[in-house]
Amino acid sequence: MNLRQFGIAKQLACGFGLVIVLFGVAVAAAAQQIGQLQSDLQLINARLIPQQDLVRRAIALTQDNTAIVLEELAVQSSADALLQREAANRAKKVETLRQLEAGGLDPESAALLRQARQADDQKVQASDRVESLIRDGNLDQARQAAIDLLLPRSRTLADEGDRLTRHFDDLVQRANGDAQALAGQVRLLLLVAAALASV
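Quick caveat, the model's predicted, so the values are computed rather than measured.

The rules behind the values
Residues numbered from 1 in each chain as written. Predicted model: local features only at pLDDT ≥ 70, side-chain atom pairs only at ≥ 80, totals over all residues. Heavy atoms only, no water. Helix = DSSP H or I, 4+ residues; strand = E, 2+ residues; numbered from the N terminus. Rg over C-alpha atoms; globule rule 2.2 N^0.38 Å. Buried < 20%, exposed > 50% of the residue type's maximum accessible area, 1.4 Å probe, protein only. Contact = heavy atoms within 4.5 Å. Areas by Shrake-Rupley, 256 points an atom, 1.4 Å probe, with all protein chains shown as cover. Core = buried A, V, L, I, M, F, W, Y, C linked by side-chain atoms within 4.5 Å. Patch = residues over 30% accessible without salt bridge, like charges linked within 9 Å, V, L, I, M, F, W, Y side chains within 5 Å. Salt bridge = Lys/Arg side-chain N within 4 Å of Asp/Glu carboxyl O. Polar contact = N/O pair within 3.5 Å; in protein donor to acceptor, adjacent residues only side chain to side chain. Expected span 1.5 Å × (residues − 1). Axes fitted to C-alpha atoms, helices over the stretch in contact; angles between N-to-C directions. Parallel < 35°, antiparallel > 145°, perpendicular 65-115°, else oblique. Left-handed = near helix turned anticlockwise from the far one by under 90°. Nonpolar A, V, L, I, M, F, W, Y, C, P; charged D, E, K, R; others polar.

Undergrad: Give a description of the overall build of the chain that names residues and reports values.
TA: Along the backbone of the chain there are four helices and zero strands. Helices and strands appear in the chain in the N-to-C order α-α-α-α. Since a compact globule built from 199 residues should have a radius of gyration of about 16 Å, the 30 Å found for the chain marks it as more spread out than a globular shape. Dimensions of the chain along its principal axes, counting C-alpha atoms only, are 105 × 25 × 20 Å. Across the 199 residues that make up the chain, the buried fraction comes to 33%. For the chain, the share of sequence-separated contacts (at least 6 apart) that also reach a separation of at least 24 residues comes to 79%. Summed over all atoms, the accessible surface of the chain reaches about 11,700 Å², with 57% contributed by carbon and sulfur.

Spelled out as structure tokens, the structure:
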């Protein structure tokens, strides 16, 4: 069957019908991509950025608690104000981590968070040991425990915190890149639809 067999009216109708079908396909593809774009943006704004902020908050609280213990060692006492600040930081950190976990983590994020929590638990044990020695007046032993236990465990925790922060930064960056790519595809599809509509 040859298109030339048809009259000019049928040829124009077939051509116009083809343009209409292509226009419909372009619009449908654009609509689907817009839906995916909305989903990606919701993921970024509703989950990834808040999780990223929670990770940073938990790390800052942990770092402040390490500074408190070292300050206690420097002033050679466990001052009530320092202990209260440390207890408040620990409570805030527990709540922050609970919120982070409640937000739904992907398996890789959950594994990195578990490693960071293990490092934090070890650092807390070292902090408690140093504080106990300070309260008992064993300042030389407290200094040695700070050097042997607290500082290395704090460094390990900082490394785990950095890995977790970089991971969430990467997740946000990848999601942003995906959203930008989808936005580009939508623009292209809309341009194709506009060109087809003008034919």
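Undergrad: An account of the nonpolar core is needed here, citing residue identities and associated values.
TA: In a soluble, globular protein the nonpolar side chains are often hidden away together inside. Core analysis: the biggest nonpolar cluster contains 19 residues, and L100, L164 and F168 have the highest contact counts within it. The set of elements that each furnish at least two residues to this core consists of α1 (8-75), α2 (80-102), α3 (107-135) and α4 (139-198). Residues contacting L100, with those up to four places away along its chain left out, are Q51, L54, V55, L105, L113 and F168. Residues L73, V130, A145 and L150 belong to the second largest nonpolar core, which totals 11 residues.

Undergrad: Could you give an account of a nonpolar patch on the surface, naming the residues involved and the relevant values?
TA: On the surface, a nonpolar cluster with roughly 240 Å² of combined accessible area is contributed by L70, I147 and L151. The exposure class of L70 is partly exposed, given its relative accessible area of 33%.

Undergrad: Tell me about the side chain of T66, and please be specific about residues and values.
TA: By secondary structure assignment, the location of T66 is in helix α1. Assessed through its relative accessible area of 10%, T66 is described here as buried. Looking at T66, its side chain comes within polar contact range of the side chain of S154, at 3.5 Å. Non-local contacts of T66, meaning those with residues more than four positions away in its chain, are made with K123 and S154.

Undergrad: Quick rundown of α2? Include the residues and the values.
TA: Two residues of an α-helix separated by three or four positions point the same way, owing to the 3.6 residues in each turn. Relative to the 33 Å expected for 23 residues at 1.5 Å per residue, α2 spans 33 Å between its end C-alpha atoms, a close match to the ideal helical length. Among the residues of α2, those classed as buried are L82, E86, N89, K93, T96, L97 and L100. Positive backbone phi, at 80 degrees, marks G104, one or two positions downstream of α2.

Undergrad: Go over the environment of V27 with me, naming the residues and quoting the values.
TA: Mapped onto the fold, V27 is located in helix α1. Given the relative accessible area of 35%, V27 is considered partly exposed. V27 sits 42 residues away from V69 along the chain, and the two C-alpha atoms are 62 Å apart.

Undergrad: An account of the packing of α2 against α3 is requested, with residue identities and associated values reported.
TA: At their nearest, the axes of α2 and α3 sit 13 Å apart, and the two run at 170 degrees to each other. Classed by the angle they form, the pair α2 and α3 counts as roughly antiparallel. In this structure, α2 meets α3 at a crossing whose hand is left-handed. Across the interface between the two elements, L83, E86, R90, K93, L97, L100 and E101 from α2 touch L113, R117, D120, V124, S127, D128 and E131 from α3. For the contact of α2 with α3, a count of residues per class yields five nonpolar, one polar and eight charged.

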